[in-house]
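If you want the building blocks of each chain, they are given just below.
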Amino acid sequence: MPSVWTVVGGADKGGILVRSGQELSSPAKAERLSTGAKVEELHLSGDRLHFKCISGTGPEDGWVSIRISGKDLLVKEPGHDGEPVKEAKTALSLPIKHREVVGPSSGYTHRWAVNIDSWKPLGGAEGREFQFLLNLIKEEVDRKAVMRFKFLEDQKRALVSRLLVRQASASSLNMTNFNDIEIKRTKGRKPFLAQPLPPEDEAPNWNVNCSHEGSWVVCASEPHVIAGIDVAELRRKRKDGQPIDFHNVFKDNLTFKEWEYVKEHGPCHDREYEAFSRFWSAKEAFVKARGDGLAYPLGKAEFHWKPLAGHEMGTAFEGDVHIEGTHSPRWRFVQFRMPGDSPHWTTVGRGPLTDIVDAHGEFTKTLRKPQELFSDVEWQAHLESHSPHFDVLPVAALVPQDAMPAYVAAGGKQFP
């Protein structure tokens, strides 16, 4: 049986470099092989692999390095040539055989991440591909919101976040188009699926949340608890190149204990800023789950962390929140350091229905199992259930199946 390999590197660069020949001096191909792609081994010579692409985006064949400087770029799938099963140790999931990641049959709990740096639509926001994707969104107010941004990178983030919400909704409904999906927003601008709703007996409180900053747009959905997500880029300088005086600018947003934790990572300001960004990401995930955003006084919430089992030290944490010094046991948070040369921290929060802020009440009407119907044991089980790794998706994965042929005709790439 031919060996099958999975691409695990290059998430921050849109995939890994492919060359036309075995030699490192041979010409590079125009496209990179996408992170998460599966390839069949044609020939292996040292660390150089001649492959044929099975799934994912990129060249149909070529030569790649399976590792660079001791870091794996591809890993062999378990069960091929006696390769033992290896446990993933990063924030990103390796594709799992026979598992639907997106679309019908992908379940109700999603963790998706799109690296916008790897998507370069021809013609920018006015090009055919971008405009096709924009018109998958039937709500005019959301289409206008995307195009209101001045720069392409901001337009891409805004578009991808809206497509993630709709694809997560369609996937949970086992639908292959967005035609009947209605997305609304609360007064606090939290997006939610208004109709139709997933089966009440399986996902009574299904909801979804998105975040974007820097290179990443991320999404989390949950069938029972309330989901909040935030990604924070570790960028300590403003656009004019001047460093952010985060100790003073955000002094009221962290508690005394949290600032003490930040200072323990000094005197290097970059390490302090990374510790600060972890708290900021958690607080954003908390208020985004609630629905009141930055109207909530962030300094009231204090986060306590411990390493998340099964991950390399310093790359993943789980935690809880204390509100004005009192532990809130109905909340749980999981935090991952995203890969890449420009690192980001992503936090997913799970919280109770009783903490929702929904002035118009439309969102809460979609939640069909109220908090009082959960026993303490049942609620704790939902909080502590496995919080999946993030699946890295190409933009094409956000296109519903029924629209895929037209998307390809508009210049997009086929998925899967």
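These figures come from a predicted structure and were not determined experimentally.

Examining the overall build of the chain
Right, on to step 1. From N to C terminus, the chain includes nine helices and 18 strands.
Right, on to step 2. Computed over its C-alpha atoms, the radius of gyration of the chain comes to 22 Å, within 12% of the 22 Å expected for a compact globule of 416 residues.
Right, on to step 3. The dimensions of the chain, computed from C-alpha atoms along their principal axes, are 60 × 55 × 45 Å.
Right, on to step 4. Across the 416 residues in the chain, those meeting the buried criterion constitute 53%.
Right, on to step 5. If you sum the accessible surface of the chain, you get close to 19,300 Å²; carbon and sulfur atoms cover 52% of it.
Right, on to step 6. In the chain, the 54 positive side-chain charges and the 57 negative ones have mean positions that sit 4 Å from each other.

Some remarks on the side chain of asparagine 115
Right, on to step 1. Within the secondary structure, asparagine 115 is located in strand β8 (residues 110–115).
Right, on to step 2. For asparagine 115, a relative accessible area of 3% puts it in the buried group.
Right, on to step 3. Reaching out from asparagine 115, the side chain makes a polar contact with the backbone nitrogen of aspartate 117 at a distance of 2.9 Å.

Some details on the sheet that holds strand β14 (residues 301–307)
To summarise the sheet geometry, strands pair through backbone hydrogen bonds and adopt either a parallel or an antiparallel arrangement.
Right, on to step 1. With respect to topology, five strands assemble into an open sheet ordered β13-β17-β16-β15-β14, the strand pairing being antiparallel. Across the chains shown, the open sheet's two edge strands, defined by having one partner strand only, are β13 (226–233) and β14. Direction aside, the axes of adjacent strands within the sheet are offset by 25 degrees on average.
Right, on to step 2. Two elements, strand β15 (residues 316–323) and strand β16 (residues 326–338), share seven bridges in a ladder whose sense is antiparallel. Bridge pairing links histidine 322 to histidine 327 in β16.
Right, on to step 3. Against the sheet, helix α6 (residues 269–290) makes contact with β13, β14, β15, β16 and β17 (344–351), and its axis sits at roughly 150 degrees relative to β13, the strand it touches most.

Examining unusual backbone geometry
Right, on to step 1. Put simply, glutamine 195 and proline 196 share a cis peptide bond, and its omega is -15 degrees.
Right, on to step 2. Within the element layout of this structure, proline 196 appears in the loop between β10 (191–195) and β11 (207–213).
Right, on to step 3. In this structure, the amide linkage connecting phenylalanine 415 to the following residue, proline 416, adopts the cis form with an omega of -5 degrees.
Right, on to step 4. Of note, proline 416 is situated in the segment after α9 (404–409).
Right, on to step 5. Of note in the backbone geometry, serine 105 takes a positive phi value of approximately 75 degrees without being a glycine.
Right, on to step 6. Non-glycine residue glutamate 324 carries a positive phi angle of around 50 degrees.
Right, on to step 7. Topologically, glutamate 324 is positioned in the loop between β15 and β16.

Looking at the UniProt feature "domain: 4'-phosphopantetheinyl transferase N-terminal" (unreviewed entry) in the chain
Right, on to step 1. On the UniProt side, "domain: 4'-phosphopantetheinyl transferase N-terminal" (unreviewed entry) is annotated at positions that read residues 127–223 here.
Right, on to step 2. Taken end to end, residues 127–223 has its terminal C-alpha atoms 36 Å apart, with 37% of it in helix and 24% in strand.

Some details on the nonpolar core
The tendency in soluble globular proteins is for nonpolar side chains to be buried as a group.
Right, on to step 1. In terms of nonpolar packing, the biggest core is built from 43 residues, with Trp112, Leu133, Leu159, Val160, Leu163, Leu164 and Ile181 touching the most fellow members.
Right, on to step 2. Counting only elements with at least two residues in this core, the list comes to β8, α1 (128–134), α3 (152–172), β11, β12 (216–222) and α9.
Right, on to step 3. The biggest single contributor to this core is α3, with eight residues.
Right, on to step 4. Ignoring sequence-local partners within four residues, the contact set of leucine 164 consists of Trp112, Val114, Cys210, Val217, Val218, Cys219 and Leu398.
Right, on to step 5. Within the second largest apolar cluster, 35 residues are counted, among which are Phe192, Val225, Phe279 and Leu367.

Let's talk about the environment of proline 307
Right, on to step 1. With respect to the helices and strands, proline 307 occurs in strand β14.
Right, on to step 2. Here proline 307 falls in the partly exposed class, since its relative accessible area comes to 45%.
Right, on to step 3. Note: C-alpha distance between proline 307 and alanine 125 (182 residues apart in sequence) is 41 Å.
Right, on to step 4. In this structure, proline 307 is in contact with Met313, Ala316, Phe317 and Glu318, ignoring residues within four places of it in sequence.

Things to note about the side chain of lysine 369
Right, on to step 1. Its location among the elements puts lysine 369 in the loop between α7 (362–365) and α8 (376–384).
Right, on to step 2. Separated by 2.7 Å, the side chains of lysine 369 and glutamate 378 make a polar contact.

Observations regarding the packing of helix α5 (residues 256–263) against α6
Right, on to step 1. The geometry of α5 relative to α6 is characterised by a closest axis approach of 7 Å and an angle of 145 degrees between their N-to-C directions. Note on element contacts: α6 touches α5 through Glu272, Ala275, Phe276, Arg278, Phe279 and Lys283, opposite Glu258, Trp259, Tyr261, Val262 and Lys263.
Right, on to step 2. Among the residues forming the contact of α5 with α6, the class breakdown is six nonpolar, no polar and five charged.

About the criteria used
Residues numbered from 1 in each chain as written. Predicted model: local features only at pLDDT ≥ 70, side-chain atom pairs only at ≥ 80, totals over all residues. Heavy atoms only, no water. Helix = DSSP H or I, 4+ residues; strand = E, 2+ residues; numbered from the N terminus. Rg over C-alpha atoms; globule rule 2.2 N^0.38 Å. Buried < 20%, exposed > 50% of the residue type's maximum accessible area, 1.4 Å probe, protein only. Areas by Shrake-Rupley, 256 points an atom, 1.4 Å probe, with all protein chains shown as cover. Lys, Arg positive; Asp, Glu negative; His and termini not counted. Charge placed at Lys NZ, Arg CZ, Asp CG, Glu CD. Polar contact = N/O pair within 3.5 Å; in protein donor to acceptor, adjacent residues only side chain to side chain. Pairing = 2+ DSSP bridges. Axes fitted to C-alpha atoms, helices over the stretch in contact; angles between N-to-C directions. Contact = heavy atoms within 4.5 Å. UniProt positions renumbered as here; feature names shortened; annotations may be inferred. Core = buried A, V, L, I, M, F, W, Y, C linked by side-chain atoms within 4.5 Å. Nonpolar A, V, L, I, M, F, W, Y, C, P; charged D, E, K, R; others polar.

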